[in-house]
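What follows is each chain in one-letter form.
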Amino acid sequence: MNINSTINYCLGLSYYDLENFAGRNFMVVYDYVKSTSRVNPNDVLIPTIFTCIASDGSLSEGEWKFIMTFIGGYSYNEALATAGEFYCDEAQNVVRDFIAAFPSNVREAYINMCLAVLAVDGRITNYETCFLNNII
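Residues numbered from 1 in each chain as written. Predicted model: local features only at pLDDT ≥ 70, side-chain atom pairs only at ≥ 80, totals over all residues. Heavy atoms only, no water.

When its secondary structure is counted, the protein chain shows eight helices and zero strands. N-terminal to C-terminal, the α/β element order of the protein chain is α-α-α-α-α-α-α-α. Rg of the C-alpha trace for the protein chain: 13 Å, near the compact-globule value of 14 Å for 136 residues, within the 12% margin. For the protein chain, the spread of C-alpha atoms along the principal axes amounts to about 35 × 30 × 25 Å. The long-range share in the protein chain, meaning contacts at least 24 apart out of those at least 6 apart in sequence, stands at 72%. Entry remark: accessible area of the protein chain is about 6,800 Å², with carbon and sulfur atoms responsible for 49%. If the 7 positive side-chain charges of the protein chain are averaged to one point and the 15 negative ones to another, these points end up 7 Å apart. (Helix = DSSP H or I, 4+ residues; strand = E, 2+ residues; numbered from the N terminus. Rg over C-alpha atoms; globule rule 2.2 N^0.38 Å. Contact = heavy atoms within 4.5 Å. Areas by Shrake-Rupley, 256 points an atom, 1.4 Å probe, with all protein chains shown as cover. Lys, Arg positive; Asp, Glu negative; His and termini not counted. Charge placed at Lys NZ, Arg CZ, Asp CG, Glu CD.)

For the coordinates displayed, the defined rule picks out seven aromatic pairs. Between Tyr32 and Phe102, the aromatic rings sit 5.5 Å apart at their centres with planes inclined by 80°, giving edge-to-face as the arrangement. Residue Tyr32 is found in helix H2 (residues 15-36), and its partner Phe102 is found in the loop between helix H6 (89-100) and helix H7 (104-119); the two are separated by 70 residues along the sequence. Owing to a relative accessible area of 5%, Phe102 belongs among the buried residues under this scheme. Where Phe50 meets Tyr74, the ring centres are 5.1 Å apart and the plane angle is 65°; that geometry is what we call edge-to-face. Highlighted residues: Phe50 in helix H3 (residues 41-54) and Tyr74 in the loop between helix H4 (61-68) and helix H5 (76-85), separated in sequence by 24 residues. Among the aromatic residues, those joined into a cluster by ring pairs are Tyr32, Phe98 and Phe102. (Phe/Tyr/Trp six-rings, centres within 6.5 Å; stacked < 30°, edge-to-face > 60°. Buried < 20%, exposed > 50% of the residue type's maximum accessible area, 1.4 Å probe, protein only.)

Right, let's get into the nonpolar core. One finds Ile67, Phe70, Ile71, Tyr110 and Leu132 to be the most contacted residues of the largest nonpolar core, which totals 45 residues. Elements supplying a minimum of two residues to this core: helix H1 (3-11), H2, H3, H4, H5, H6, H7 and helix H8 (126-135). With eleven residues, H7 is the single largest residue contributor to this core. Contact partners of Ile67, with chain neighbours within four places excluded, come to Ile49, Phe50, Ile53, Gly72 and Val117. (Core = buried A, V, L, I, M, F, W, Y, C linked by side-chain atoms within 4.5 Å.)

A few words on the environment of Thr125. Note on placement: Thr125 falls in the loop between H7 and H8. Judged by relative accessible area, Thr125 falls into the buried class, the value being 16%. A sequence separation of 94 residues divides Thr125 from Asp31, and the C-alpha atoms of the two residues are 29 Å apart.

See below:
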């Protein structure tokens, strides 16, 4: 997977297309976790999404609004606090181990979903790119 080409792809999409891209990729990961585990997929996916968002130490309002379209249930302040909980090396290591167990197509879908979320505010920071490169 070439992260830079996917970043450029996501940054070039309209909001609607980015939302569709994120949703499709989220469902690939969701369906895989649902079919291979007894846990509720949201119980493991939502924290990993917050870890991805928290990788640069912030949560933009655009990122928050975007993720609420498919995970819902968080005010901006709740989402900000939750992202803050996952802004740590331990959470990033958990995400790395979590997606390492995925087959390559599901791992790619997870990265695509994260990139779509991160691209919604029109930029992807070096911290975010570094995080994604480290978990692959």
